[in-house]
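# Architecture and fold: a report
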Amino acid sequence: MAFFRKRINDNPAVTKSPVHRESRQEDVLPSGSVLQGPPPLVSVVIPVYNAMPFLTELLNSLEAQDLKPEEFEVIAVDDGSTDFGGEILDVYAKRNSNFIALHQENSGWPGKPRNVGIENARGEYVFFIDSDDRLGPQALRRMTSFALEHDVDVLVPKMVGLDGRRVQAKLFEKTILDVDYDFILRTLSPQKMIRRRLLNSHGIRFVEEKVRLEDGIAMVEAYSAARRISILGDYNYYEIRLRSDGQNISTQQIDPAGYVGSLTKIAETIATYTGPDLEVARKRIAGLFVRKGLRFYDGQRFLRYTAEQRAAWVSSHKSFLETFQLDNSAALFKPQEAKLVDAILAGDLEYLEQLAQNKMEAEKAPAVVSVENTAERICLVVDFPVSGPSPIGIHIRDRDTETVARGELAVDESGSRLTASFPRAAVLESISRLGNIFIEYQGVPAKRIRMGKSVASQEFSGLLVYATANGYMSIDARQAK
């Protein structure tokens, strides 16, 4: 039976309220806590497992906070680390009276150490951070000051990426005092500061089993219980890292059934919060599915799975779509999204594979197949994906000043090859040192042009056309000046 139908039958008077668990007494210090003195403003909770050498960067950034030490505590829970991270925690705890290190056997997932941190927290707020990230030196002071001044329940600090980690930059474009529920659902990661009373009174804890989206389950429960959610976009509060050793949980293999099981729990919380307006609930859950479900069909990612794994994803997602009655795809999804949803509901693996292949082809970088570098012009012949967008322009962009030299462009009858021509004088006038070549498209970001493998670098009177170390075509005008 579909979730909505069951919910109506079970409780026809569903109201706008979050999922509640067993309440907890907020002012009682949980047993096992070792810090004493007046409660701090914020308890920083860190699950730690084999995070060296990044762990020391985080702990150093916490020592460097300009918030008074008595106004924050650091609760680091070592989840059975084998890289001497536990010993490092003890060193920092010994030299900082507001740091404590707790040690436990490995649980295999961040949920349990985060919960242990909550149980030992005394602060007005609990801030969840990961052991391989770090904070700006003013982060805790600015966050607690804003939260207390504005009576915030959930505070989302601006994040920036480290070592190539991508973040949702648009989410942090500005500070927002009262964040819309639909908007905050775009971020399900745990790096939030949450009022401890809210966590305890609603019994919000992290799932401790080894499942994906366990942090999203807890975050959506917190959003649904909060009276005020705010985003702080005025400072680089949180620096989140992409680990080159592949130890970020987000880079590890995912079990489809477990992942979609977690997604179902999140959707149920959203539906319960939304209340009796089933159409609004469906739209919210459809948005969740676009962000957390359809991404698995994204070109190379889907084709990288085995045939068995692809079938498992389609089966699990089909069940999710049917449970939440998201079968009216035209009303709930954009056209391209609706195509994917309809194919999932139909179990059409062949069509999904073809869509993924088409997207891969469309995303290929255009490649130069011939270059002519003369006294008057630089002429190029470029192949581009026929299934991708049609080129509308071409330019060389100076790496330092971003000034551009525009070229003339013509696409041949095949629809997959173009010729371009740049006057040498215009190139030398616009490019002071080094320049990169881009093809422009309508409504799509410009793409850099790759140098075909069989195309050699060409130099004429000091103006060099060459391939970069990453295989892209560039211009070096330094010797021609």
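Scope of this entry: the structure provided in the associated data block. Position labels on residues start from 1 in each chain and follow its written sequence. Given that this is a predicted model, residues contribute local features only at a pLDDT of at least 70 and side-chain atom pairs are listed and counted only at 80 or more, while totals for whole chains, interfaces and linings are drawn from all residues. The side-chain numbers reported here are obtained from all heavy atoms of the structure, hydrogens and water having been left aside.

## A few points about the sheet that holds strand β15 (residues 408–411)
- A pair of strands counts as paired when DSSP detects no fewer than two bridges linking them. Numbering of helices and strands runs from the N terminus, with a helix taken as a DSSP run of H or I at least four residues long and a strand as a DSSP run of E at least two residues long. Strand order across the open sheet formed by 5 strands is β15-β16-β12-β11-β19, with mixed pairing between neighbours. Strands with a single pairing partner mark the edges of an open sheet, and in this sheet they are β15 and β19 (450–451).
- Here β15 pairs with strand β16 (residues 417–423) via 4 bridges, running antiparallel. Within β16, the residue paired with A410 across the bridge is T419.

## Considerations on unusual backbone geometry
- The linkage connecting M52 with the following residue, P53, adopts the cis geometry, with an omega of 5°.
- Its identity as a non-glycine residue notwithstanding, L213 has a phi of 65°, on the positive side.
- Following the sequence through the fold, L213 ends up in the loop between α7 (196–201) and α8 (214–225).
- Only protein chains enter the area calculation, which uses a 1.4 Å probe; residues under 20% of their type maximum are buried, those over 50% are exposed, and those in between are partly exposed. When its relative accessible area of 8% is taken as the criterion, L213 is described as buried.
- Its identity as a non-glycine residue notwithstanding, E402 has a phi of 65°, on the positive side.
- Tracing the sequence through the fold places E402 in the loop between β13 (391–398) and β14 (404–406).
- Judged by its relative accessible area of 56%, E402 falls in the exposed class.

## Description of the packing of aromatic side chains
- By convention, a stacked pair of Phe, Tyr or Trp rings (six-membered ring in the case of Trp) has centres within 6.5 Å and planes under 30 degrees apart, an edge-to-face pair has planes over 60 apart, and any other such pair is tilted. Within the structure shown, the criterion is met by 11 aromatic pairs.
- Here Y235 and Y237 contribute two aromatic rings whose centre-to-centre distance is 5.1 Å and whose plane-to-plane angle is 80°, an arrangement assigned as edge-to-face. Comparing Y235 with Y237, the two get one shared label, buried.
- A centroid spacing of 5.6 Å and a plane angle of 15° characterise the contact between F289 and F320, whose relative ring orientation is stacked. Of this pair, F289 sits in helix α10 (residues 278–292) while F320 sits in helix α12 (residues 307–323); the two residues are 31 residues apart in sequence, bridging distant segments of the chain. Comparing F289 with F320 shows no difference in burial state: the two are buried.
- Its guanidinium or amino end placed over the ring of F438, R397 lies 4.0 Å from that ring's centre, counting from NZ or CZ. Placement of a charge over a ring requires the Lys NZ or Arg CZ to be within 6 Å of the ring centre, with the centre-to-atom vector within 35 degrees of the ring normal.

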